[in-house]
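# Results of the structural survey
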Amino acid sequence: MKVGIKKFDVQMVLRNNGIELEVRNNKDEFLGDCVVNKKGLIWCQGRTIRKNGKSKTWEEFIEWREG
């Protein structure tokens, strides 16, 4: 996987806009964007826009990973 910062407009503490990561496979094919902000994570598969992405709060993410 190749993961890069798509837009780097954050301070040391993540705010509402957060940080957007562009995710590509090893063939450099675009898979989607992952947005990390103070509320949690949003996965935008393919060309999905942020408001239509699948979001999880930090609590849901932690429960999933520790469950």
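The structure presented is a predicted model; accordingly, all values stated were derived computationally and were not measured. (Residues numbered from 1 in each chain as written. Predicted model: local features only at pLDDT ≥ 70, side-chain atom pairs only at ≥ 80, totals over all residues. Heavy atoms only, no water.)

This next bit is on unusual backbone geometry. Phi angles above zero are rare outside glycine, and D28 is one such case at about 65°. The residue D28 is located in the loop between β2 (19-24) and β3 (30-36) in this model. (Helix = DSSP H or I, 4+ residues; strand = E, 2+ residues; numbered from the N terminus.)

The tally for this structure, following the rule as stated, stands at 3 salt bridges. For D28, the salt bridge goes to K2, with nearest N and O atoms at 3.9 Å. A residue pair is termed long-range when its members are at least 10 positions apart, and D28 in the loop between β2 and β3 and K2 in strand β1 (residues 2-7) qualify at 26 residues. Here K2 falls in the partly exposed class, since its relative accessible area comes to 42%. A salt bridge links R50 to E20; its shortest N-O distance comes to 3.6 Å. With R50 in the loop between β4 (40-45) and β5 (54-57) and E20 in strand β2, this pair connects stretches of sequence that are 30 residues apart. Taking relative accessible area as the criterion, R50 reaches 33% and is therefore assigned partly exposed. In this structure E20 comes out as buried when scored by relative accessible area, which is 18%. (Salt bridge = Lys/Arg side-chain N within 4 Å of Asp/Glu carboxyl O. Buried < 20%, exposed > 50% of the residue type's maximum accessible area, 1.4 Å probe, protein only.)

Just geometry here; none of it tells us what the structure is for.
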